[in-house]
Amino acid sequence: MGMKPSFLRLAMLCIYSLASIFPAKADQGMWLPLLLKQLNEERMQELGMKMSAEDIYSINEGSLKDAIVSFGGYCTGQVISEQGLLLTNHHCGYGVIQSHSSVENDLLTNGFWAPSLEDEIASPGLHATFIIRIEEVTEKVMAGITEDTPEIKLESLIETNIAKVSADAIEGTHYQAEIKPFFNGSEYYMFVTERFEDVRLVGAPPTFIGKYGGDTDNWEWPRHVGDFSLFRIYAAPDGKPAPYSEDNVPLKPRRSLNLSLAGIQPGDFTMVFGFPGRTQQYLTSDAVKLLVEETNPHRIGIRETKLEIMDQYMQASDRVRIAYASKYASTANYWKKWIGESMGLESYDAITRKKALEAEFMEWVNAEAGRKAKYGSVLDDIAAEVQKVQKGNVAYQYLREGLVRHDAIQYFQLLYALASIQDTGEREEYLVEAKRFLKNFDLATDKAVLSAMLDLYRENVPSTYHLSAFAKAGDPAESFYEGDWLSMEWLDEYAGNPRAHQKALYDLTALEMVAEIQEFYSTARGEVNGPQAKIDALTKIYIEGLREMNADRAFAPDANSTLRVAFGSVGGMEPRDGLVYRHYTTLDGVIAKEVPGVANTHEFFLDEKIKMLAESREYGRWADEEGYLPVNFLASNHTTGGNSGSPILDAEGNLIGLNFDRTWQSTMSDVMYNAEICRNIAVDVRYIGWVIEKYAGADRLIEEMNFVNEPMAAE
Ligand code: ARG
Ligand code: GLU
């Protein structure tokens, strides 16, 4: 079908006043697909959606949800061809691409495009999971539970019910079922899933496209990154999930998305369909204060130190650069996120706003005796528990972020587990894991990081938590590495013989420090998690009160890595007085950001080929109506981590973009969403098409995709 003639588009552009590049219309919330009909359909249509709720989610008819997968359990992906081609972000595929890379065959740096199906690379450990259906199961989960059920029995009753309900739901099928609490346990929903474990790498742009601007541009706008990669889901010949096998065939999906080349205009309806990980919309003012004033500053500081050290060592060696690429990126990611989140919350006066809401709530509560009895003390009780969290919080952050997650400490635990496993099959799995760890390990880097972590720990954590190593002379990190246990030779010597292995471990000096760290960690975690569990239970009551107080308003549950829909519209914003973010960027901007140099030495490298292609300006069907090649765009959908790789769909359910990020201050939306500030960032599908076709020449992939709304000029 042809698109509107371009003069019409131009005319439309002129009618838009500047104000309308900021779509004020967007709603917060990550909504459950099965409730869209009841809660959101009307509002979504008011914002321009041309579909019905059933087009998005239906259990009887095919619907868009059949094209959406959880990618590896940490990102989202979508099927974009009848042969199971899967699109997700480059940063979601990053670890997998890295695992197939070496100094000689560096897929991260050079990109990878499988010339044929046979060349697609099996990626063990990776999976893609579809949602078959979602069901509310609150009553079943609460069966046998009354007001009088003692609290200590509650949890085990719920667990037993959950186990039974999910087992019943999948009996006689090859599906899995997962039941999760919503609104802190006011409601329960079950997700019946189908999980495919043969997922192969098909294509990835070189890092300078897929991660252009690197950590400098991360969480920023204007953005110019082709953050996408392609995989393919394989199934047994009968179409069912199967572990990797040469006999497997590309999956024939129930649904695949069409890709629209119509382009985007400010105000256009958009929706994001994916698996957002975690939000905390219902934090009280005290909890936000703790986050902004204590938790965030400490964990930001810890990561800053780690990053500086890793960077030094990565710059100095190609091997370390590749080995630490993924670790560095993921450490940098939330380091910067927390900075933006605190900034956003502070400049939006989140604490004051939360306080105002709490005052309003208390006024409503105090207006009636019944409410008073039920909700009268809930906010005070939460505040008291937040106080208690503070007791172990700082130690907990340093132990967790700085020590427990430290590479060599994790590896020690892995060796320890390995030594006690009897089952040879299981031991083999741990061994594979240990070898993978060593492949991405560098002793000098690790030492330098641990030494710095211990210094920070000593400076910031109360002395009751100080390690005995601090009392000894010299650098406490030094003795930790004695005994050569971080080498492949050590692993080879002991891995086959658990008893000798155990004995060798007991001889290491590292043992004492790791044991002590574990002990402190479990104490600090208890100090934090005890009151935190109470806060969670109290928050369930608080949310019930808020919902009762606003009975005519739809409430969205916090994200919990389940399938959700967010909706909003395309549009820029004004981050500061006088500064306007246009809603899209182009290849011209990519070129303008270039810093000449050598691949991998900095984040704004471009190769000759992309520069030549850009100069030719022959963008073909991928160009916008003015002849530019669109790269990234902004929209106001409420998203979070886990929404990476989520499709951005237009009013008709066509794919227009691939979600990969938010602007910096927007990250406050994990705690508080505001439509004027919060923007998610997507790769325009036209840039994806252009990179695949013009840059990579991977025509076979373009051919399997279904493009709609072709611009007239190219027809
Ligand atoms: N900020 C995005 C997300 O949270 C992208 C992260 C990957 N990119 C990077 N430059 N580290 O995942
Ligand atoms: N990049 C994030 C992810 O990996 C999504 C962006 C966000 O947090 O909004 O899921």
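Small disclaimer: the values here were computed from a predicted structure and weren't measured. Starting afresh in each chain, residues are numbered from 1 along the sequence in its written order. A letter from A marks each chain and a number from 1 marks each ligand, given out in the order of writing. Reporting in this predicted model follows two pLDDT cut-offs: at least 70 for local features of residues, and 80 or more for side-chain atom pairs to be given and counted; totals over whole chains, interfaces and linings ignore these cut-offs and use all residues. Neither water nor hydrogens contribute to the side-chain values; these are computed over all heavy atoms in the structure.

Student: Which parts of the structure should I look at to understand the overall build of the chain?
Tutor: Helix numbering and strand numbering both begin at the N terminus, where a helix is a DSSP run of H or I of at least 4 residues and a strand a DSSP run of E of at least 2. A tally of helices and strands in the chain yields 26 helices and 22 strands. Expected size for 715 residues packed as a compact globule is a radius of gyration near 27 Å; at 26 Å, the chain falls within 12% of this value. Projected onto its principal axes, the C-alpha positions of the chain cover 75 × 75 × 60 Å. Exposure is judged per residue with a 1.4 Å probe applied to protein chains only, and the accessible area is read against the type maximum: over 50% gives exposed, under 20% gives buried, and values in between give partly exposed. Expressed as a percentage of the 715 residues in the chain, the buried residues total 57%. Only heavy atoms matter for contacts: two residues are in contact if any of them lie within 4.5 Å across the pair. Put simply, 78% of the contacts in the chain that link residues at least 6 apart link residues at least 24 apart. About 30,500 Å² of surface is accessible on the chain, with carbon and sulfur atoms providing 51% of the total. It is over C-alpha atoms that the radius of gyration is taken, and the globule rule equals 2.2 Å times the number of residues to the power 0.38. Only the protein chains shown count as cover for residues, and all accessible areas are computed by the Shrake-Rupley method using a 1.4 Å probe.

Student: In this structure, what is going on with the pairing of strand S3 (residues 85-88)? I would like to understand it.
Tutor: The two faces of a sheet get side chains in turn, since along a regular strand they alternate between them. Side chains Leu85 and Leu87 of S3 all project onto a buried face; the interleaved residues Leu86 and Thr88 project onto the opposite face, where all are buried too. Pairing between strands requires that DSSP locate at least two bridges from one strand to the other. Where strand S2 (residues 75-79) lies against S3, two bridges are found, and the strand directions are antiparallel. In the strand pairing of S3, Val79 is matched with Leu86. What sits between S2 and S3 in their antiparallel hairpin is a turn of five residues, with Gly84 showing a positive phi close to 70°. Sheet topology places S3 next to strand S10 (residues 229-235); four bridges connect them, and they run antiparallel. Considered in S10, the bridge of Leu86 is made with Phe231.

Student: Help me understand unusual backbone geometry, please; the structure alone is not making it clear to me.
Tutor: The phi torsion of most residues other than glycine is negative, and most of the peptide bonds are trans. Put simply, Trp221 and Pro222 share a cis peptide bond, and its omega is 0°. Mapped onto the elements, Pro222 comes out in the loop between helix H10 (214-217) and S10. In this structure, Arg617 takes a positive phi of about 55° despite not being glycine. Mapped onto the elements, Arg617 comes out in the loop between helix H24 (608-616) and strand S18 (630-635).

Student: What exactly am I supposed to notice about the site of ligand 1 here?
Tutor: Residues in close proximity to ligand 1 include His91, Lys211, Gly214, Asp215, Asn218, Trp219, Ala329, Asn333, Ser644, Phe660 and Asp661, which together make up its full environment. Each polar contact in these results corresponds to two N or O atoms within 3.5 Å; when the atoms are within protein, one needs to be able to donate a hydrogen and the other to accept it, and residues that are neighboring in sequence are counted only if both atoms are side-chain atoms. Within the side chain of Asn333, one N or O atom sits 2.9 Å away from a nitrogen atom of ligand 1. Contacts to ligand 1 include Asp661, whose side-chain N or O atom sits 2.8 Å from a nitrogen atom. Coverage of ligand 1 by the protein amounts to 90% of the 340 Å² it exposes when considered alone. When residues of the shell around ligand 1 are traced back to their parent elements, those giving at least two are H10, helix H12 (318-347) and strand S20 (655-662). Residues are grouped as follows: nonpolar covers Ala, Val, Leu, Ile, Met, Phe, Trp, Tyr, Cys and Pro; charged covers Asp, Glu, Lys and Arg; every other residue, Gly included, is treated as polar. Per-class residue counts for the shell around ligand 1 are three nonpolar, five polar and three charged. Any residue with a non-hydrogen atom lying within 4 Å of a molecule or strand is treated as near it.

Student: Help me understand the pattern of salt bridges in this model?
Tutor: Charged atoms that come close allow side chains of opposite charge to pair. Any carboxyl oxygen of Asp or Glu that lies within 4 Å of a side-chain nitrogen of Lys or Arg is treated as forming a salt bridge with it. According to the stated counting rule, one finds 41 salt bridges in the structure shown. In this structure, Arg617 and Asp588 form a salt bridge, with 3.2 Å as the shortest nitrogen-oxygen distance. Taken together, the residues span a long stretch of sequence, with Arg617 in the loop between H24 and S18 and Asp588 in helix H23 (residues 587-592) at a distance of 29 residues. Relative accessible area serves as the criterion here: at 39%, Arg617 is assigned to the partly exposed category. Through salt bridges with shared partners, a single network forms among Glu120, Arg232, Arg700 and Glu704.

Student: What am I meant to see in helix H11 (residues 285-316) here?
Tutor: Since there are 3.6 residues in each turn of an α-helix, residues three or four apart along the chain are aligned in direction. A helix is expected to span 1.5 Å multiplied by its residue count minus one. Spanning 32 residues, H11 covers 45 Å between terminal C-alpha atoms, matching the ideal 46 Å at 1.5 Å per step. The bend at a residue is defined as the angle formed between two axes, one fitted to the seven residues ending at that residue and one fitted to the seven starting there. Approximately 40° is the largest bend angle found in H11, and it occurs at Leu291.

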